[in-house]
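# Descriptive structure summary
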Amino acid sequence: MLRLTRKLYTHESVEAAYKREDKPVDWRDILKGCSCSKICSFLLKFLPIITEVRKPYIKDCVVNDLIAGLSVAFMHLPQALGFGVLASLQPVNGLYTTFFPLICYVIFGTSPHISFGTTAIVSMMTSSVVEREEAVYWSTMNISSNMSINDPAIQEQLMAYKVEVSMTLCFVVGIILTIVGILRLGFVSTYLSESFIGGFTFACAIYIATSQLSKALNISVGIVSGPGRLLRYYIVLFSKIHEGNWADFLIAVFTGVIILAVNIGVNQRFKDRMKIPVPIDLIVVVLATLISKLGSFEYNLGVDIVGDVKSGVPAPQLPDLSVYMFTRVVADSFLIAVVIFTATISMAKLCAQIHGNTIDDNQEAFAYGVTNIVASLFMCFPASQAHPRTMMLSTLKVKSTLSGVSSALFVLILLLGAGPLFSHLPIAVLAAMIIVAMKDLFALIRVLPYYWRVSKSDFLIWVLTACVSLATDLEIGIYFGVSFSILTVMFHSCPQWAKGYLLARAKDEDLYLDKSSRVGLEDVHGVKIFTFDSKLYFATAEIFRKDLYEQVYTPVKLEIVEPEKGQELAILPPIQGETIHHIIIDCSHITYIDITGINILRQLVVDYRHMGTEIFLTKVPPFTVTALANSNFFDVLPMDSIFFDVNDAVQHARVYTQPQPATP
């Protein structure tokens, strides 16, 4: 048998044996920290690329990283074109939102696996904002009665306004994320539960797929925004179903089937044997463009095509920072910033865990912010990471952010000259690609049986967030989901759930467990060990006292009036049962105590002492010790009654011979 022994410790003896080290403020150390080299080192933290290129392994990995970046670039092209359309903008805006964020993240980012650029959910949220603002702008436009919203001149004017809105949105999102990084507020992402993110992401997938149905059918649905827009969208879509073009529909179906067949039958089935997956999206885009051009689909079949794709890089221009525009997008910017940070940092941490890297949350937030600020100057909408691109970089085992350089160069070539080659690409192809890309997000619903078994509250958060988002709008869904998540936390932290119970000792071991739920335990004679699994404050103080009375005994008070002496107070011992000479209170869960809790504890010490029962406190958290000391609590209960551990208090109580005399 292994026997372990140690000294018996009170709180004071532990503090004396293992003193805390309080370092005095040394102004010389502060001045040293403000030296030029220290300041330069601090500033260089905001430019990780400088440290990155100086690492010894960079020469060995740079070629592999650049090749990996080129492989990912093949995914960037179709996604940029498709998500540009998804954001209710032009395909070229998707290319801009790919090129500029890629370059910026190479400079400011710390995760080698994050592939910044366009992404479905952020594009969908951008679409919600620009379409809402488009509806407001359309209602204020002065146009002649013979012109409609489908007029090319009107469409061009509306598109210019939507791009302006997206630039302002991108800029404000960047400002918010930059502030989060500078003020080191990266921890805020922990307040978004996994169930909320899952439900919201599923709702986004429904919105994204729905938004592409009209493009797959070549039906003009018009502007649909505001609460309930999903239902209204379907009503308009089905009312115009007879206007759809069968050629667009067949192209979309054929594209979707081909992409699914290759992704499932080849890429997933043989992923262990393939270094990189077949870039089926890029292949489909190239082939569809060639076939459409050779067959003159636009004229012969009435197929809707991408149209003119501007070549070149746009000149920088400031977004509209007027008070009106800022107030219109600031709330949406905050929500998009939260989604970008949460989605991107979670993927960065996952890849870091897989490959043994380190990620700085706050520098990452700063990188996301600066990237979006710079991108907003070049007709971009908010940028984030995309799961498929990030996982490909992880699979290819890149070791630096330099992979973004080759991806950006590929997109730059397209912008400078090759972009117009895709002008004949059918819109239905992009729509099908986006719908198929939602397959994994639709599969998120499979997690619900697991949530139901493990946590009913997480199940409700997931389902209600998704349902409210679908029934109203994504913005309302976010507000509801976050609020409901907070309410569930408050519910589980409700003081009514606080509970006090007795502990008993395991036979032949110094192990103390819940007496009510286990067998094989025995009480310590004359000692009751009580624990309370909550903080001790105004909302739980009476519960604490009530449970202690029920589990141990109630110190009964009777007022006796004698004419000669006046009024006296007698406190009676328990009517029957063993004599309790010590109550040990395990305070390990009492991480916070307020004035009400302190007063209750003080009164219990006095009342039980009159009964001949002493109270010991054990495992008292530092904050609680400080609060008790500041309230002069230890004038009533001396510090030598505060023990390091339950067993220390039990061993001390066992040598008890006679109760302390009652306090006069």
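Keep in mind the model is a prediction, meaning the values are calculated, not measured.

## Remarks on the overall build of the chain
Along its length, the chain carries 26 helices and 11 strands. Long-range pairs, those at least 24 residues apart, make up 81% of the contacts in the chain between residues at least 6 apart in sequence. As displayed, the chain has an accessible area near 33700 Å², and 63% of this comes from carbon and sulfur atoms.

## Quick look at the side chain of Ser400
For Ser400, the location among the structural elements is in the loop between α16 (387-395) and α17 (403-418). By relative accessible area, Ser400 is classed as buried at 0%. Those residues in contact with Ser400 that sit more than four places away from it in its chain are Glu52, Ile58, Asp65 and Pro112.

## Let's talk about the side chain of Asp473
Structurally, Asp473 can be placed in the loop between α21 (456-471) and α22 (474-492). Classification of Asp473 as buried rests on a relative accessible area of 11%. With near-sequence residues (within four places) excluded, Asp473 lies in contact with Ser128, Tyr207, Gly226, Pro227, Arg229 and Val468.

## Quick word on the pattern of salt bridges
Counted according to the given criterion, the structure contains 14 salt bridges. Its salt-bridge partner being Asp440, residue Lys439 comes within 3.2 Å of it at the nearest N-O pair. Residue class for Lys439 comes out partly exposed when judged on its relative accessible area of 29%. Across the pair Glu542 and Arg545 runs a salt bridge, and its minimum N-O distance is 2.5 Å. Of this pair, Glu542 and Arg545 both sit in helix α23 (residues 541-551), three residues apart, roughly one helical turn. Through salt bridges with shared partners, one network takes in Arg132, Glu133, Arg328, Asp332 and Glu475.

## Details of helix α26 (residues 646-654)
Those residues of α26 that sit buried are Val646, Asn647, Asp648, Ala649, Val650 and Ala653. Here the buried face of α26 lies against β4 (512-514), β6 (527-532), β9 (582-586), β10 (614-618) and β11 (642-643). For α26, the capping residue at the N-terminal end is Asp645, with a side-chain oxygen 3.2 Å from the backbone nitrogen of Asn647.

## A few points about unusual backbone geometry
Positive phi outside glycine occurs at Arg184, with the angle close to 55 degrees. Examined against the element boundaries, Arg184 turns out to sit in the loop between α8 (152-182) and α9 (194-217). Here Arg184 falls in the exposed class, since its relative accessible area comes to 53%. Located in the positive-phi region is Asn632, a residue other than glycine, with phi close to 60 degrees.

## Focus: the confidence of the model for the chain
On average, residues of the chain carry a pLDDT of 84, and 89% of them reach 70 or more. Counting contacts from residues 568-572, a segment whose pLDDT is below 50, to residues more than four positions away or on other chains yields 20 contacts. Residue range residues 657-664 is modelled with pLDDT below 50. Its contacts to residues more than four positions away, or to other chains, number seven contacts.

## Quick notes on the packing of aromatic side chains
Applying the stated rule across the entire model yields 25 aromatic pairs. Seen in terms of ring centroids, Phe108 and Phe366 are 6.2 Å apart; in terms of plane orientation they differ by 75 degrees. Their pairing is edge-to-face. You can see Phe108 sitting in helix α6 (residues 91-108) and its partner Phe366 sitting in helix α15 (residues 361-376), a full 258 residues away along the chain. Classification of Phe108 as buried rests on a relative accessible area of 15%. Taking the centre distance of 4.1 Å and the plane angle of 10 degrees together, the rings of Tyr137 and Tyr161 count as stacked. In this pair, Tyr137 is assigned in helix α7 (residues 120-140) and Tyr161 in helix α8, connecting sequence segments 24 residues apart.

What counts as what
- Residues numbered from 1 in each chain as written.
- Predicted model: local features only at pLDDT ≥ 70, side-chain atom pairs only at ≥ 80, totals over all residues.
- Heavy atoms only, no water.
- Helix = DSSP H or I, 4+ residues; strand = E, 2+ residues; numbered from the N terminus.
- Contact = heavy atoms within 4.5 Å.
- Areas by Shrake-Rupley, 256 points an atom, 1.4 Å probe, with all protein chains shown as cover.
- Buried < 20%, exposed > 50% of the residue type's maximum accessible area, 1.4 Å probe, protein only.
- Salt bridge = Lys/Arg side-chain N within 4 Å of Asp/Glu carboxyl O.
- Polar contact = N/O pair within 3.5 Å; in protein donor to acceptor, adjacent residues only side chain to side chain.
- pLDDT = per-residue confidence, 0-100.
- Phe/Tyr/Trp six-rings, centres within 6.5 Å; stacked < 30°, edge-to-face > 60°.

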